[in-house]
Amino acid sequence: MPAAVEVKGRLNGKRVPSKELDERIQQLVRSGKRRLKVVADGQHGIGGRIWPTGDTVKIKVVGAPGQRLGAMGMFGTEIVVEGSCSDDVGWINCGAKITVLGDVANGAHNAGAQGVLYVQGGGGARCDTLTKYNPRFDPIQSWYFRDVGDSFAEFKAGGIAVVCGVNPRNPDNVLGYRPCVGMVGGTIYFRGPTEGVSEDDVRITELTDADWAWLKKHMKPFLRAVDRMGFYESLTRSPEEWRKIVALTPDERAERARSKRRSMAEFRRNVWFKGVGEGGIFADYITDERTIIPFTVTGELRRQRPVWENDRYAPPCAGYCPTGIPTHERTRLLREGHETEALDLVLRYSPFPGTVCGYVCPNLCMDNCSRQQYLSDPVDVSFLGRLSLDRPAPRIEAKRSERIAVIGGGPAGMSAAWQLRLRGYQVSLYEREEELGGKIYYCIPEDRLPREILSKEIERFRATGIEVHTGVEVDSAKYQEIHRTHDVVLLATGCHSPRVIPFPGYEHVIPGIVFLKEINARNPRDLTGMDVVVIGAGNVGMDICVEAFNCGAKTVTAVDIQKPASFGKEQKMAKERGAEILYPKFTDRYDPEEKRIYFKDGTSLPADAVFISIGETPELDFLPETIDRERGFVRVDPVGRTTDPKVFAVGDVTQPGLITNAIGSGLRAARYIHSLISKTEYEDDRKEVIPYERIRFQWYDRARQDDLSRTCEGEAAKCMSCASCRDCHLCENTCYWGAISRRETPGGGYEYVVDDEKCIGCGFCAGICPCGIWTLYEY
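The structure presented is a predicted model; accordingly, all values stated were derived computationally and were not measured.

### Regarding helix α20 (residues 659-678)
Here's step 1: Spanning 20 residues, α20 covers 29 Å between terminal C-alpha atoms, matching the ideal 28 Å at 1.5 Å per step.
Here's step 2: Extensive coverage of α20 is indicated by the burial of 16 of its 20 residues.
Here's step 3: One or two steps after α20, the chain reaches lysine 679, where phi turns positive at roughly 55 degrees.

### Notes on the environment of leucine 301
Here's step 1: Note on placement: leucine 301 falls in the loop between α5 (264-276) and β14 (304-308).
Here's step 2: Judged by its relative accessible area of 67%, leucine 301 falls in the exposed class.
Here's step 3: Sequence spacing of leucine 301 and isoleucine 760 is 459 residues, and the spatial spacing of their C-alpha atoms is 8.8 Å.

### Details of the environment of glycine 494
Here's step 1: With respect to the helices and strands, the residue glycine 494 is situated in the loop between β18 (488-491) and β19 (497-498).
Here's step 2: On the basis of relative accessible area, glycine 494 is assigned to the buried category, the value being 15%.
Here's step 3: Each residue touching glycine 494, except ones within four places of it in the same chain, is listed here: Pro618, Asp652 and Val653.

### With respect to the packing of helix α13 (residues 411-422) against α20
Here's step 1: Interhelical geometry of α13 versus α20 gives an angle of 35 degrees and a closest axis separation of 7 Å. When the axes of α13 and α20 are compared, the crossing they make is right-handed. In this structure, α13 contributes Pro411, Ala412, Ser415, Ala416, Gln419 and Leu420 to the contact, and α20 contributes Ile659, Ala662, Ile663, Ser665, Gly666, Leu667, Ala670 and Ile673.
Here's step 2: In the contact of α13 with α20, the residues fall into 10 nonpolar, 4 polar and no charged.

### Quick look at the packing of helix α18 (residues 539-550) against helix α19 (residues 568-577)
Here's step 1: Here α18 crosses α19 at 30 degrees, and the two axes come no closer than 8 Å. With respect to α19, the axis of α18 lies roughly parallel. In this structure, α18 crosses over α19, and the sense of that crossing is left-handed. In this structure, α18 contributes Asn539, Met542, Asp543, Cys545, Val546, Phe549 and Asn550 to the contact, and α19 contributes Glu570, Gln571, Met573, Ala574 and Arg577.
Here's step 2: Here the residues of the contact of α18 with α19 sort into 6 nonpolar, 3 polar and 3 charged.

### Here's the deal with the sheet that holds β18
Here's step 1: Strand order in the open sheet formed by 5 strands is β17-β16-β15-β18-β31, and the pairing between neighbours is parallel. Two strands bound the open sheet, and with one partner strand each, they are β17 (467-470) and β31 (647-649). Going across the sheet, the axis of each strand differs from the next one's by a mean of 20 degrees, ignoring polarity.
Here's step 2: In this sheet, strand β16 (residues 426-431) lies alongside strand β15 (residues 403-407) in parallel orientation, the contact comprising 5 bridges. Of the residues in β16, the one forming a bridge with alanine 405 is serine 428.
Here's step 3: Strands in contact with α20 are β15, β18 and β31; relative to β18, the strand with the most contacts, it is inclined by about 170 degrees.

Thresholds applied
- Residues numbered from 1 in each chain as written.
- Predicted model: local features only at pLDDT ≥ 70, side-chain atom pairs only at ≥ 80, totals over all residues.
- Heavy atoms only, no water.
- Helix = DSSP H or I, 4+ residues; strand = E, 2+ residues; numbered from the N terminus.
- Expected span 1.5 Å × (residues − 1).
- Buried < 20%, exposed > 50% of the residue type's maximum accessible area, 1.4 Å probe, protein only.
- Contact = heavy atoms within 4.5 Å.
- Axes fitted to C-alpha atoms, helices over the stretch in contact; angles between N-to-C directions.
- Left-handed = near helix turned anticlockwise from the far one by under 90°.
- Nonpolar A, V, L, I, M, F, W, Y, C, P; charged D, E, K, R; others polar.
- Parallel < 35°, antiparallel > 145°, perpendicular 65-115°, else oblique.
- Pairing = 2+ DSSP bridges.

Below, the structure written as structure tokens:
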């Protein structure tokens, strides 16, 4: 190991300025030095702002370092101080590991977000104040072997602090005077007595088994770093010697606020005047009568008025779901203890909660979940979807006389048939293949979708009494028969004719959809030892890559003319198997004799087999000319109506899309058909998605669940209930003038109403609402 480079804080009898010392350190790191020894003479900011290099930069500090040692330290920086430190060690720490073999003065780890601070001694005043939590990284950690000074953890918002309480300076209070004022997040483990903890902000609890396991696990590296391993046994003797401080939850704060609520007059008399003297700080200069002058106004004189607009917007989960599944309603039912109703709710929207939501959907709901945007921890909708797998079909409404035909047994056709059957219609479904499911059944690899999952949901679909005809080729004559004998015909034949590129040798290229159908028909090709190229790097292209490896391929390369359209789990699975993705690549020709594919940029790849997956087109030869086409697809309006008033079309036969797009189009067409037949008004329940800035994510728990401990109750508790009131009373409790009240409504509902004669239009209700329900309107 190379010797450390010495950086002196004093040259030729003169102290080196802090800026020059820092520039010297930065220069050495840029030149490749990774071990430094700094002889400090009061310089500030030693070891801070060293940009990550990929290697660990180790800095030993001797002498007398100044303030803000390790300030804005980055990941990959490790600092060891042989002695005590001045103020603000680790200020705004961004990931550095700092070990102090002595005491630290005031403000240690102030405003830090990541990294670790190990202190062999104790801390001064206001240590661990304003620490933050970034959910993309591990929480910041601060360890103190002895104790800490006054105002510890003031306004702490995240991270973990540990105070071991060994030989404390104040044996009666290891956390100093008035700790944890304004603390809103994070955890403090401490050993020894304390008093004066801010009960308005935190509570002291016993350690859980998980707390104790974490503390024991992380105690060893701390004690090794500060050369105190001899204390490990005594410090981990029993969890009963330790306690934990956590911030109050929003509900706990609200409850305490309710119990302590007082009028402004009472506050002035019992709090303000007691603190500063009768009459306030200017009492000696005021000769006027001491009455409250109404500077604020109510009623029509207000500049703005608040309105409770529950469910005005769609939450991101429902708004971005092509099927419109209201996950926020599921989580509400779960929080209220109605688990059965919650798991059944999704079946009102889709016959495939386990298959699609649980396995094959890219889960746009989770990508756009507010928790994902703020905390990178969305509600796990795929988990909730799988929980509905074993639920029976919803109750079917009274039988109706109308007969409806659905041509096509893929996701769009099954969705429409399902919705219409639940409303009591006599539904006949015609499918060309021997099995239902369309591309879900024939094209999605079992690596992504276990066959038994889809089989269960198809069995539930059949149990509703839909008349299923499989193995039926619908030609023009059969179509005319179906059209004549049914009140409504719904087309959902999908896209199964592969698109091709007519380059030289294209006739030797295998359509990807054909390859996938062979796989799922248990008749796979033998690709053992072959180099495979896939033209098209969308999600289906990624499935082909995975299956090619399953069939024995040696290498698989996907090429595309643009940035791949694949994303999420499909691309991840392909890359994990070893697939390479290249773009932009325009195919020039394929030579099956050379077993090589050539591109227009002059490059080429070995290719024993070439698959193409650039989309498919519908097969519409059976349709009459009375039904308009557009670019090869059936032309429809937003509810699926064609130019034949008796015929509707949904899914890929109208335009390519996700499986959830197909399910959603089937749902909307079925709803419209029902309104048409029943002569009721069709209501499109799609709404504008609530802007993220209306959601107050600070009120919600940041705790994550791992896959093994995930529960439906835990996922429901995580939901931010965007745009849908959680009935938390925060608005009511926050209103100083008592202008907001909760009122029961017929049917067991509720609403929050505003008394205009009390409301001053301050906007506190809108500002504090976690769910974004309140809107301020100008008069």
